Amino acid sequence: MASRGASNATALRRLMTEYKQLTSGGSPDGMFTAGPISESDFFTWEALICGPKDTPFPSDYPLSPFKMKFEPPLFHPNIYPDGNVCISILHTPGDDPTMYEQASERWSPVQSVEKVILSVISMLAEPNLESGANIDCCKLYRDNQQEYERLVRESIKEQLGI
C-alpha cells in the first residue's frame with residue numbers, strides 16, 4: 001500500500017513538472033496546449049491540437065467546405081494515403097456526379113467544424129467501406145479485420161516512437 005502512495009507522489013511530481021514546462025516554454029511552434037482540467041486533479045488532462053498555419057479554410061467558408069488531413073496519415077479505409085480525409089460532409093455542395101451521395105449528405109453552410117469533427121470520430125470508429133479512399137485498406141478491413149487492427153496499432157506505435 002505504501003508503494004502505491006509513493007508511486008502516486010512520483011507521478012504527481014512528474015506531471016506537475018511537465019505542466020510547468022508546457023506553460024513556461026509552450027509547445028513547438030505553438031501547435032498544441034495541454035494541462036490538467038483542474039488544478040485539484042493533475043491526473044486528468046485535456047489537450048488542444050492546432051492545425052498548421054496554412055489550415056485550409058477556404059476564403060468563401062462557410063459556402064465551401066474546408067479540407068481535413070491527418071499528419072502523419074492514418075491507415076484507415078476513409079483516409080487517403082496522403083492523409084486527406086474522405087467523408088461526405090466535406091464534399092462540395094450539390095449533387096454528386098457519381099450519384100453515390102445524396103446532396104443532403106454533402107457540405108452545406110449549415111454544417112460546422114463541430115459537426116465535421118463528430119462525423120470524423122464516427123468515421124474512425126465505423127469506416128464506410130462502400131466509399132473508400134484507401135482501397136487496399138478497405139479490402140484488408142473487410143477480409144481480415146484482425147490483421148487490419150494489428151497494422152493500425154503497429155503504425156500508431158511507430159508514429160509515436162514506442
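Being a predicted model, the structure only gives us computed values, none of them experimental.

The rules behind the values
For every chain, the first residue of its written sequence is number 1, and the numbers climb from 1 along that sequence. Given that the model is predicted, a residue must reach a pLDDT of at least 70 before its local features are reported, and side-chain atom pairs must reach 80 or more before they are shown or counted; all residues, however, enter totals for whole chains, interfaces and linings. Just so you know, side-chain values use all the structure's heavy atoms and leave hydrogens and water out. Lining residues are those with an atom within 4 Å of a point, where the points come from a 1 Å grid over the protein atoms alone and group into cavities, where a 1.4 Å probe fits but cannot get out, or pockets, open sets with protein on both sides within 12 Å along at least five of seven lines. Grid points are joined across faces, edges and corners, and a volume is the space filled by probe spheres set on the points. Residue polarity follows a fixed list, in which Ala, Val, Leu, Ile, Met, Phe, Trp, Tyr, Cys and Pro are nonpolar, Asp, Glu, Lys and Arg are charged, and the others, Gly among them, are polar. UniProt positions are given in the numbering used here, feature names are shortened, and annotations may be inferred rather than shown by experiment. Secondary structure follows DSSP: runs of H or I at least 4 residues long count as helices, runs of E at least 2 residues long count as strands, and numbering of each begins at the N terminus. Two residues qualify as a contact provided that any one of their heavy atoms is within 4.5 Å of a heavy atom in the partner residue. Here the expected length of a helix is defined as 1.5 Å per residue gap, with one fewer gap than residues. Throughout this description, buried means an accessible area under 20% of the type-specific maximum (1.4 Å probe, protein chains only), exposed means over 50%, and partly exposed covers the range between. In this description, the arc belongs to the directions extending from the helix axis to the C-beta atoms. Residues grouped as a nonpolar core are buried Ala, Val, Leu, Ile, Met, Phe, Trp, Tyr and Cys residues, joined through side-chain atoms within 4.5 Å. Confidence of the predictor at the level of single residues is given by pLDDT, which spans 0 to 100.

Student: Would you take a moment to explain the layout of surface pockets for this structure?
Tutor: The probe, sized like a water molecule, is rolled over the atoms to show the empty space still left. If you add up the space inside the second largest pocket, you get close to 220 Å³. Around the second largest pocket sit 13 residues that line it, and Phe66, Lys67, Val85, Leu90 and His91 are the ones nearest its centre. Its residues placed into classes, the lining of the second largest pocket shows nine nonpolar, three polar and one charged.

Student: Help me understand the UniProt feature "active site" (unreviewed entry) in the protein chain in this model?
Tutor: In the numbering used here, UniProt assigns the "active site" (unreviewed entry) feature to Cys86. For cysteine 86, the location among the structural elements is in the loop between β2 (41-49) and α2 (113-125). Residues contacting cysteine 86, with those up to four places away along its chain left out, are Asn78, Tyr80, His91, Met123, Ser131 and Ala133.

Student: In this structure, what is going on with α2? I would like to understand it.
Tutor: It helps to recall that an α-helix has 3.6 residues per turn; residues three or four apart then point in one direction. Here α2 is 13 residues long and its end C-alpha atoms lie 19 Å apart, about the 18 Å a rise of 1.5 Å per residue gives. Buried within α2 we find Val116, Val120 and Met123. Buried residues of α2, seen end-on, are gathered within an arc of 60° and therefore sit on one face of the element. Turned more than 90 degrees from where α2 packs its buried face, Glu114, Leu118 and Ala125 sit exposed.

Student: So what exactly am I meant to see when it comes to the nonpolar core here?
Tutor: Considering soluble globular proteins, one finds that nonpolar side chains tend to be buried as a cluster. Of all hydrophobic cores here, the largest spans 10 residues; its members are Phe66, Ile79, Val85, Ile87, Ile89, Leu90, Trp107, Val116, Val120 and Met123. Once residues lying within four places of it in the same chain are set aside, the contact partners of leucine 90 are Pro65, Phe66, Met68 and Val116.

Student: Which parts of the structure should I look at to understand the confidence of the model for the protein chain?
Tutor: Reading fine detail from the predicted coordinates is not recommended where pLDDT is low. Taken residue by residue, the protein chain gives an average pLDDT of 85. The fraction at 70 or more is 90%. Taking the mean pLDDT of every element in the protein chain, the minimum, 79, falls on helix α1 (residues 2-25) and the maximum, 95, on helix α3 (residues 135-143).

Student: Looking at this structure, how should I read the environment of leucine 129?
Tutor: By the element assignment, leucine 129 lies in the loop between α2 and α3. Put simply, leucine 129 and arginine 142 are 13 residues apart on the chain and 7.7 Å apart in space, counted from C-alpha to C-alpha. For leucine 129, the residues in contact, after removing those within four places along its chain, are Pro77, Cys138, Tyr141 and Arg142.

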